[in-house]
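Residue strings, one per chain:
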Amino acid sequence: MNKSQNQKSTRSVRDSAQAESEREKRLLQYARAQTAAWLLKLMDEADIEDFCSEGRLLFDDDFYDVVFWLMGGRTAFIRRVKPLLETAFTELSGVRRPVKNKVRGFIRDIEDHRRLSSDLAYFSADCDEYAAMLDEVLRQILGEIAGHLRHPRIEQQIKRFFGLDDACLKILRLFWLNERFNGEARAGYFICCDIEEDKNRRLLAYMLDIEGGVKAADSAMKMLEETGLIGRNNSPFDQDEVAYSAWLQGSVKPLHELFAAEVKLQALPLERCHVDENDLKLALNLLEKPAATGRSLLLYGMPGTGKTTLAASLAARLKARLWVVCAATRPERRRLSLYTCVRMA
């Protein structure tokens, strides 16, 4: 490799790394904005036992850990929230002096709390006036972050490609953001229990703003399972890795190329295929017969015995397109590849 080629290679690597860095920044901003929007929805919900108490969202340790992540860390949170709390504190009225002194002291020394998430949670539960004040401040902050929400274009491409409805896309979005930011954002905060439980499914439907509620969410989950985009155990961390990677990258080659490829061969006349005449007639009768569901034909044999050639000849006779799917070991992946072929055909 000469000097010019080496420089081009170095520049290409640098540009690729820079593009990757920019993509990660956009994804992080998107994740934070979407998470803030979900938290705002939960703050309006007063009927989910695991998250709400006495008509408001539980301000527990996990909640504050998520908020810290949204704002870029504990220090950034303090820098933003302290002046807002000080302003809100001056507007407190009708509060007993001991309580007011307690609130004033907490705000003044907020930087000194080593376990800030725990202390905030404890103080919120201990002082109703402070909890209401903090609720207002947090709504303002979360609203500012959620205001930057812009969904990536790849999501609409995935929606159209797989024929998904809005509910399916919203559930996939939750699963994929949880997968990507699980370690950083305490993603389990949103899906911490078995989705089979009614209260968790109700939470999911409400938080994702799924029109039609639990019934629509259940239908969406079933469709995602049938396509193979998620596993059949309803786990938020069990989804197709190829579709997830396509979403993660943001811009990829045509989606169908990730799951299947069209085979274009010079088809031989069926008469030249070395297949028993009765078997050939049976195959044609099966494939030509109208059917409301898919039809299957199993070709087996050692490599090089003409299975693909026969498939190409059958496709030519039927004037159909021939697709090959990946030989994945996971049934969900095979199902998704077959589903892709059907949609492309």
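Analysis parameters
By convention here, each chain's residues receive numbers from 1 onward along its written sequence. Only residues with pLDDT of at least 70 get local features here, since the model is predicted, and only at 80 or more are side-chain atom pairs given and counted; chain-wide, interface and lining totals rely on the full set of residues. By convention in this description, side-chain values take in all heavy atoms of the structure and omit both hydrogens and water. In this description a helix means any DSSP run of H or I spanning at least four residues, a strand means any run of E spanning at least two, and both kinds are numbered starting from the N terminus. Remark: exposure states derive from per-residue accessible area (1.4 Å probe, protein chains only) relative to the maximum for the residue type, with buried under 20%, exposed over 50%, and partly exposed in between. The criterion used for residue contact is that any of the two residues' heavy atoms lie within 4.5 Å. The Shrake-Rupley method, run with a 1.4 Å probe sphere, supplies the accessible areas, and residue values consider only the shown protein chains as cover. Two aromatic rings, drawn from Phe, Tyr or Trp (for Trp, its six-membered ring), form a pair once their centres lie within 6.5 Å of each other, and the interplanar angle then sorts them: stacked below 30 degrees, edge-to-face above 60, tilted otherwise. Either the NZ atom of lysine or the CZ atom of arginine qualifies as a charge over a ring when it sits within 6 Å of the ring centre and within 35 degrees of the ring normal. Among the buried residues, those of types Ala, Val, Leu, Ile, Met, Phe, Trp, Tyr and Cys that are joined through side-chain atoms within 4.5 Å form a nonpolar core. Put simply, a salt bridge is a Lys or Arg side-chain nitrogen that is within 4 Å of an Asp or Glu carboxyl oxygen. To get an axis, a line is fitted to the C-alpha atoms, and for a helix only the part in contact is used. The angle between two axes follows their N-to-C directions and goes from 0 to 180 degrees. Orientation is classified from the angle alone, with under 35 degrees giving roughly parallel, over 145 giving roughly antiparallel, 65 to 115 giving roughly perpendicular, and any other angle giving oblique. If you view the pair so one helix is near and one far, a crossing is left-handed when the near helix is turned anticlockwise from the far one by less than a right angle, and right-handed when it is turned clockwise. Here a patch means residues that are over 30% exposed by relative accessible area and free of salt bridges, tied together within 9 Å if like-charged and within 5 Å if nonpolar (Val, Leu, Ile, Met, Phe, Trp, Tyr). For a helix, the expected span equals 1.5 Å multiplied by the residue count minus one.

### Points about the overall build of the chain
Point 1. Along its length, the chain carries 15 helices and 4 strands.
Point 2. Taken over 345 residues, the chain has a buried fraction of 41%.
Point 3. If you take every contact in the chain between residues at least 6 apart in sequence, the share linking residues at least 24 apart comes to 72%.
Point 4. When the accessible surface of the chain is totalled, it reaches about 19700 Å², and 49% of it is carbon and sulfur.

### Structural notes on the packing of aromatic side chains
Point 1. Going through the model one piece at a time under the given rule, you end up with 5 aromatic pairs.
Point 2. An aromatic cluster of three or more residues is present, and its members are W176, Y244 and W247.
Point 3. The ring of W69 carries R32 above its face, with NZ or CZ at 5.6 Å from the centroid.
Point 4. It is R180 that lies over the ring of F181; its NZ or CZ is 4.6 Å from the centre.

### Examining the environment of L318
Point 1. Structurally, L318 is set in helix 14 (residues 307-318).
Point 2. On a C-alpha basis, the gap between L318 and L287 in space is 8.2 Å, while along the polypeptide they are 31 residues apart.
Point 3. Every residue in contact with L318, bar those within four places of it in the chain, is listed here: L287 and E288.

### Examining the nonpolar core
Nonpolar side chains in soluble globular proteins tend to end up buried together.
Point 1. If you look at the biggest cluster of nonpolar residues, it comprises 76 residues, and the most contacted ones within it are L70, F77, L85, L120, I171 and W247.
Point 2. Looking at this core element by element, the count peaks at 10 residues for helix 1 (residues 3-44).
Point 3. In terms of nonpolar packing, the next biggest core, distinct from the first, is built from 7 residues, L284, L287, L310 and L314 among them.

### Focus: the environment of F63
Point 1. Note that F63 resides in helix 2 (residues 61-70).
Point 2. A residue is classified by how much of its surface remains accessible, and F63, at 0% relative accessible area, is buried.
Point 3. Between the alpha carbons of F63 and L39 there is a distance of 8.8 Å; along the sequence they are 24 residues apart.

### Points about the side chain of K159
Point 1. On the secondary structure map, K159 appears in helix 7 (residues 153-162).
Point 2. Given the relative accessible area of 18%, K159 is considered buried.
Point 3. Excluding anything up to four places from it in sequence, K159 contacts L164, D165, D166 and L169.

### Details of the pattern of salt bridges
Point 1. Applying the stated criterion across every chain, the model contains 9 salt bridges.
Point 2. Salt-bridge contacts for R317 lead to E271; the nearest nitrogen and oxygen are separated by 3.2 Å. Highlighted residues: R317 in helix 14 and E271 in the loop between strand 3 (260-262) and helix 13 (277-288), separated in sequence by 46 residues.
Point 3. The class of R317 is partly exposed, set by a relative accessible area of 39%.

### A short note on the packing of helix 2 against helix 6 (residues 128-146)
Point 1. At a minimum axis distance of 11 Å, the contact between helix 2 and helix 6 shows a crossing angle of 40°. If you check the angle between helix 2 and helix 6, you find them oblique. In this structure, the crossing between helix 2 and helix 6 has a hand that is left-handed. Residues F63, Y64, V67 and L70 of helix 2 touch helix 6, and the partners they reach there are L134, L138, L142 and I145.

### Brief notes about helix 7
The α-helix winds at 3.6 residues per turn, so residues separated by three or four positions along the chain end up facing the same way.
Point 1. Of the positions making up helix 7, those classed as buried are I154, E155, I158, K159, F161 and F162.
Point 2. Once helix 7 finishes, G163 follows within two positions and takes phi at roughly 70°, a positive value.

### Some remarks on a nonpolar patch on the surface
Point 1. Judged by side-chain polarity, L286, L297 and L299 come together as a nonpolar surface patch covering roughly 200 Å² of accessible area.
Point 2. As for its placement among the helices and strands, L286 is situated in helix 13.
Point 3. On the basis of relative accessible area, L286 is assigned to the partly exposed category, the value being 35%.

### Here we look at helix 14
Point 1. Over its 12 residues, helix 14 extends 17 Å from the first C-alpha to the last, a length consistent with the 16 Å expected when each residue adds 1.5 Å.
Point 2. Within helix 14, burial applies to L310, A311, A312, S313, L314 and A315.
Point 3. Its buried side turned inward, helix 14 meets helix 13.
Point 4. One or two residues past the end of helix 14 sits K319, with phi positive at roughly 55°.

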